[in-house]
Amino acid sequence: MIVEREAIRAIVLTPEHEVLLMRIRAPEGGDWFWITPGGGLEPGESVEVGLRREMKEELGLERFDIGPLVWRRQHTFNWDGRRILQREQYHVVHVPGFDPRMSDPVEAKALDRFRWWRTDELAQARERLTPISLGQIVMRYLDQGPPAEVSDVEVLVD
Amino acid sequence: MLLKTLVDLETELFGPDARRNRARLEALLHPAFCEIGRSGRVHTRADVLDELPKEQTTPTIHARDFALTTLAEDVLLLTYRSAQASNTGALERHTLRASIWKRSPNGWQIVFHQATPTPPETHKS
């Protein structure tokens, strides 16, 4: 039985081209990996409301503009005894660097730490980034701006 | 949307839920199914139904660049690029894949699949 859900995620990017990632792993253990802030939408919740809620809960970030959609992916994975198929969309959020503060108690259990990554460091990550091609996505955005259309889907099945 | 439907079915076949479920595999694999694997080996429907449920582990599969071509009414060609993802995020065994799906009274079924090894993409996102 696979649970399907929609999720919204932010590529939080500073003027110095640093990206904020969170090092997490599943409650049942396994490998550590890095994700962008965000999470599942609640029933009936819009993308904007969901993203603002997640940014507040996970980062303590309340004042920001939601930038362009730059990526879509779907990921099937095990989490806390459930099999989840999550359809995610990624928006850029431009903000000055800040000190993130996690206030969501459930997320806090999975979180090891936050880290701001320089774009050149993304290509040399030793642990999995989510999306896997995050470095390319950010570099392309910085070089060319947002894609005119994000029709492409990247799929990861764990 | 057909692309979404077929991407969902194709990628369902990547995961352990379908691979270890013989009844689900029987529903998804057309009676005439065969596959030419990336090694060049030919797998019949009977081979796949026998072998997949015995897999001990399922690799993490990364796939993108999905494209759909209509071959005939209710017959579609799905092409894409796949790779295996390691726990460090490295992608290995890059493969170009093609699947022919046919709509039957009981839903879409895969008739044919071919995998061809390919070098990693250099810079495209």
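As shown above, the structure is provided for reference.
The notes below deal with the structure included here.

## Structural notes on the overall build of chain B
Regarding its fold elements, chain B presents four helices and six strands. Relative to its length of 125 residues, chain B is compact, with a C-alpha radius of gyration of 14 Å against a globular reference of 14 Å. When the backbone C-alpha atoms are referred to their principal axes, chain B occupies close to 40 × 35 × 25 Å. A separation threshold of at least 6 residues defines the contact pool for chain B, and within that pool the share at least 24 residues apart is 48%. Accessible surface computed for chain B: about 6500 Å², of which carbon and sulfur atoms make up 55%. Chain B carries 16 positive and 15 negative side-chain charges, and their two centres are separated by 2 Å.

## Examining the interface of chain A and chain B
With 23 residues of chain A at the contact, the number on the chain B side is 25 residues. Summed over the three residues of chain A that lose the most area to chain B, namely Gln136, Val155 and Val157 of chain A, the buried surface amounts to 27% of that side. Where chain A meets chain B, there are eight residue pairs in polar contact (both at pLDDT 80 or more). Contributions of two or more residues to the side of chain A that touches chain B are made by strand E5 (69-79), strand E6 (82-94), helix H4 (134-144) and strand E9 (154-157) of chain A. Considering only residue class, the side of chain A that touches chain B consists of 10 nonpolar, three polar and 10 charged. Summarising the sheet, E9 of chain A and strand E3 (residues 60-72) of chain B pair through three bridges and their orientation is antiparallel. Residue pairing in the sheet places valine 157 of chain A in a bridge with isoleucine 61 of chain B of E3 of chain B.

## Focus: the pairing of strand E4 (residues 75-85) of chain B
Two faces, one strand: in a regular strand the side chains alternate between the faces of the sheet. Residues and elements named next belong to chain B. Here E4 lies mainly inside the structure; eight of its 11 residues are buried. Of the strand pairs in this sheet, E3 and E4 are connected by 10 bridges, and their pairing is antiparallel. Within the sheet, the bridge partner assigned to alanine 67 lies in E4 and is threonine 79. The loop that links E3 with its antiparallel partner E4 comprises two residues; one of these, aspartate 74, has a positive phi angle of about 65 degrees. Sheet topology places E4 next to strand E5 (residues 91-104); 10 bridges connect them, and they run antiparallel. Bridge pairing links valine 75 to lysine 102 in E5.

## Notes on unusual backbone geometry
Residue proline 131 of chain A is bonded to the preceding threonine 130 of chain A through a cis peptide linkage, with omega at 0 degrees. Mapped onto the secondary structure, proline 131 of chain A falls in the loop between strand E8 (128-130) and H4. Despite not being glycine, aspartate 74 of chain B shows a phi value in the positive range, around 65 degrees. Assessed through its relative accessible area of 31%, aspartate 74 of chain B is described here as partly exposed. Phi at arginine 93 of chain B takes a positive value of approximately 55 degrees, unusual for a residue other than glycine. Within the secondary structure layout, arginine 93 of chain B lies in strand E5.

The rules behind the values
Residues numbered from 1 in each chain as written. Chains lettered and ligands numbered in written order. Predicted model: local features only at pLDDT ≥ 70, side-chain atom pairs only at ≥ 80, totals over all residues. Heavy atoms only, no water. Helix = DSSP H or I, 4+ residues; strand = E, 2+ residues; numbered from the N terminus. Rg over C-alpha atoms; globule rule 2.2 N^0.38 Å. Contact = heavy atoms within 4.5 Å. Areas by Shrake-Rupley, 256 points an atom, 1.4 Å probe, with all protein chains shown as cover. Lys, Arg positive; Asp, Glu negative; His and termini not counted. Charge placed at Lys NZ, Arg CZ, Asp CG, Glu CD. Buried area = accessible area lost by both parts, 1.4 Å probe. Polar contact = N/O pair within 3.5 Å; in protein donor to acceptor, adjacent residues only side chain to side chain. Nonpolar A, V, L, I, M, F, W, Y, C, P; charged D, E, K, R; others polar. Pairing = 2+ DSSP bridges. Buried < 20%, exposed > 50% of the residue type's maximum accessible area, 1.4 Å probe, protein only.

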